[in-house]
Amino acid sequence: MAINRKVQTLDEFTLQQLRDFPKATGELSNLLRDIGLAAKRINVEVNKAGLVDILGDYGTTNIQGEEVKKLDIFANNQLMGVLRHGISCAGIGSEEMDDFVVFDDETSNKSKYVCLFDPLDGSSNIDVNVSIGTIFSVFRRVSDLGNPATEEDFLQAGNKQVAAGYVIYGSSTMLVYATRRGVNGFTLDQSIGEFTLSHPDMKCPPNGRIYSVNHGNFYKYEEGVKQYITACQKKDATSGGPYTQRYIASMVADVHRNLIKGGIFMYPGTSDRPAGKLRLLYECNPFAFIAEVAGGKATDGKGRILDIVPTKLHQRTPFFVGSIEMMEEMETYVK
Ligand code: AHM
């Protein structure tokens, strides 16, 4: 088999970026490598989930009161394990854990980053072989290095993110991450067990024809949201319509598709859950950061997601993200 030496692995790519910044310490590259390693391990289990007894409910609920699947626990443990044993992370917050975890050893206390995760998003899709994903967010600590990380390190506004990304376990497995310098996508080459650069410098098309929303909740949405959804359905051919509705109920898959093809993803508040379902720190901040770096936009229907200063770890928020022109049109209805 011919080996393509022009293809860069995730490690090679992050090291290359490091060379452009002589003052960089390499901690972020280490962190991304650690996350990539955990993702490869999670990928193995996701792929064989139908074969072994790791599939299905764990018989407990997480802090959100939602069913926890066994793979969620596995994914959480993998991420926590690699980062605890790595040298670049002072602590983590996870959708699967009630509180943040500070690693609190000499090396970790000197680390300048903390990470937040949704270890396995879209977990209701595990049992039915539909794409799921891991979402992550990296912040530079605001507490003093040398001491354990503190709550204020985790409760920072999304605009302070240093990097954010996701892994999609789909027809192929991809890791996409953003820093302020750009968004890059890496596809797992199973033959060498490495993420390799496949989608350099990703940009979200300014417009699209896809809208993604849970239609089952239609009558629970506020009037402006209903009007926008109706407008998407009523568009005529001259305005590229009617738009196509695509909703997997796996945000990683829905937003990944819209990022590549152009589109809008919405999880608005409902009459019974005004703050919606999605978590600001684990789901919305990372995707808002990625979308903005790629040229898109993300709001809670009123203002920029990245400007929300969180008050608690498991905070929820309505979420709208996607192509800039579609977002601007949506805002004329929702505002
Ligand atoms: P999860 O935390 O149980 O995995 O749920 C998160 C998922 C998102 O990926 C998806 O966008 C949303 O929940 C779908 O929710 P709904 O079924 O209410 O439309």
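Preceding this paragraph is the structure being described.
Residues numbered from 1 in each chain as written. Predicted model: local features only at pLDDT ≥ 70, side-chain atom pairs only at ≥ 80, totals over all residues. Heavy atoms only, no water.

Enquirer: What is the right way to look at the site of the ligand in this model?
Expert: Residues in close proximity to the ligand total 15 residues, the closest being D121, G122, Y247, M251 and Y267. In the environment of the ligand, an oxygen atom lies 3.4 Å from a nitrogen or oxygen atom belonging to the side chain of E95. A distance of 2.6 Å is found between an oxygen atom of the ligand and a backbone nitrogen or oxygen belonging to M251. Burial of the ligand by the surrounding chains reaches 86%, relative to a free accessible area of 470 Å². (Near = heavy atom within 4 Å. Polar contact = N/O pair within 3.5 Å; in protein donor to acceptor, adjacent residues only side chain to side chain. Areas by Shrake-Rupley, 256 points an atom, 1.4 Å probe, with all protein chains shown as cover.)

Enquirer: It is not clear to me how empty space enclosed by the protein should be interpreted in this structure. Could you clarify?
Expert: The method is simple in principle: a probe with the dimensions of a water molecule rolls over the atoms, and the space it marks as empty is what remains. Summed over the entire model, instances satisfying the criterion amount to 1 cavity of 30 Å³ or more. C204, V255, N258, L259, G263, F265, F287, I290, A291, V321, G322 and S323 are the residues that line the largest cavity. Those elements that place two or more of their residues in the lining of the largest cavity are helix 7 (251-261), strand 13 (263-267), helix 8 (280-293) and strand 15 (319-322). Within the lining of the largest cavity, the residues separate by chemical class into 8 nonpolar, 4 polar and no charged. (1 Å grid on protein atoms, 1.4 Å probe; cavity = no way out; pocket = protein on both sides within 12 Å on 5 of 7 lines; lining within 4 Å. Points joined across faces, edges and corners; volume = space filled by probe spheres on them. Helix = DSSP H or I, 4+ residues; strand = E, 2+ residues; numbered from the N terminus. Nonpolar A, V, L, I, M, F, W, Y, C, P; charged D, E, K, R; others polar.)

Enquirer: Would you mind going over the packing of aromatic side chains with me for this structure?
Expert: The relative placement of two aromatic rings is captured by the distance of their centres and the angle of their planes. Per the stated rule, a full pass over the model turns up 8 aromatic pairs. Considering the side-chain rings of F13 and Y177, the 6.5 Å spacing of their centres and the 75° angle between planes classify their relative orientation as edge-to-face. In this pair, F13 is assigned in helix 1 (residues 10-19) and Y177 in strand 8 (residues 173-179), connecting sequence segments 164 residues apart. By the burial criterion, F13 is buried, and Y177 matches it. A ring pair is formed by Y247 and F265, whose centres lie 6.3 Å apart and whose planes are at 20°; its orientation type is stacked. With a gap of 18 residues between them, Y247 in the loop between strand 12 (244-245) and helix 7 and F265 in strand 13 connect regions that are remote in the sequence. Accessibility expressed as a relative area gives 25% for Y247, which makes it partly exposed. Site record: aromatic cluster; members linked through ring pairs are F13, Y177 and F186. (Phe/Tyr/Trp six-rings, centres within 6.5 Å; stacked < 30°, edge-to-face > 60°. Buried < 20%, exposed > 50% of the residue type's maximum accessible area, 1.4 Å probe, protein only.)

Enquirer: Where do I start with the sheet that holds strand 13 in this structure?
Expert: Picture the strands of a sheet paired through backbone hydrogen bonds; they go either parallel or antiparallel. Taken together, the 5 strands give an open sheet; going across it, the order is 12-11-13-15-14, and neighbouring strands pair in mixed fashion. Bordering the open sheet on either side are strand 12 and strand 14 (297-299), each of which pairs with just one other strand. As paired strands, strand 13 and strand 15 are joined by 4 bridges and run antiparallel to one another. What sits directly across from M266, in strand 15, is F320. The strands that helix 8 touches are strand 14 and strand 15; relative to strand 15, the one it contacts most, it runs at about 25°. (Pairing = 2+ DSSP bridges. Contact = heavy atoms within 4.5 Å. Axes fitted to C-alpha atoms, helices over the stretch in contact; angles between N-to-C directions.)

Enquirer: It is not clear to me how the side chain of T196 should be interpreted in this structure. Could you clarify?
Expert: Tracing the backbone shows T196 in strand 10 (residues 194-199). Contact partners of T196, with chain neighbours within four places excluded, come to V7, Q8, T9, G185, F186, T187 and D189.

Enquirer: Before we go on, may I ask you to explain the sheet that holds strand 4 (residues 101-102) in this structure?
Expert: The strand order across the open sheet formed by 8 strands is 4-3-5-6-7-8-9-10, and the pairing between neighbours is mixed. The two strands at the open ends of the sheet, each matched to only one other strand, are strand 4 and strand 10. In the packing of helix 7 onto the sheet, the strands contacted are strand 5 (113-121), strand 6 (132-140), strand 7 (161-169), strand 8 and strand 10, and the crossing angle to strand 7 comes to about 105°.

Enquirer: Explain the side chain of S212 here, please?
Expert: In this fold, S212 is placed in strand 11 (residues 210-212). The buried category is assigned to S212, whose relative accessible area is 0%. There is a polar contact of 2.8 Å between the side chain of S212 and the backbone oxygen of R246. Aside from chain neighbours lying at most four places away, what touches S212 is R246, Y247, D254, R257, N258, I264, F265 and M266.

Enquirer: What is the right way to look at a negative patch on the surface in this model?
Expert: A cluster of like negative charges, contributed by D98, D99, D144, E151 and E152, occupies part of the molecular surface. Relative to the elements of secondary structure, E151 occurs in helix 5 (residues 151-154). (Patch = residues over 30% accessible without salt bridge, like charges linked within 9 Å, V, L, I, M, F, W, Y side chains within 5 Å. Salt bridge = Lys/Arg side-chain N within 4 Å of Asp/Glu carboxyl O. Lys, Arg positive; Asp, Glu negative; His and termini not counted. Charge placed at Lys NZ, Arg CZ, Asp CG, Glu CD.)

All we've got here are geometric facts, nothing functional implied.
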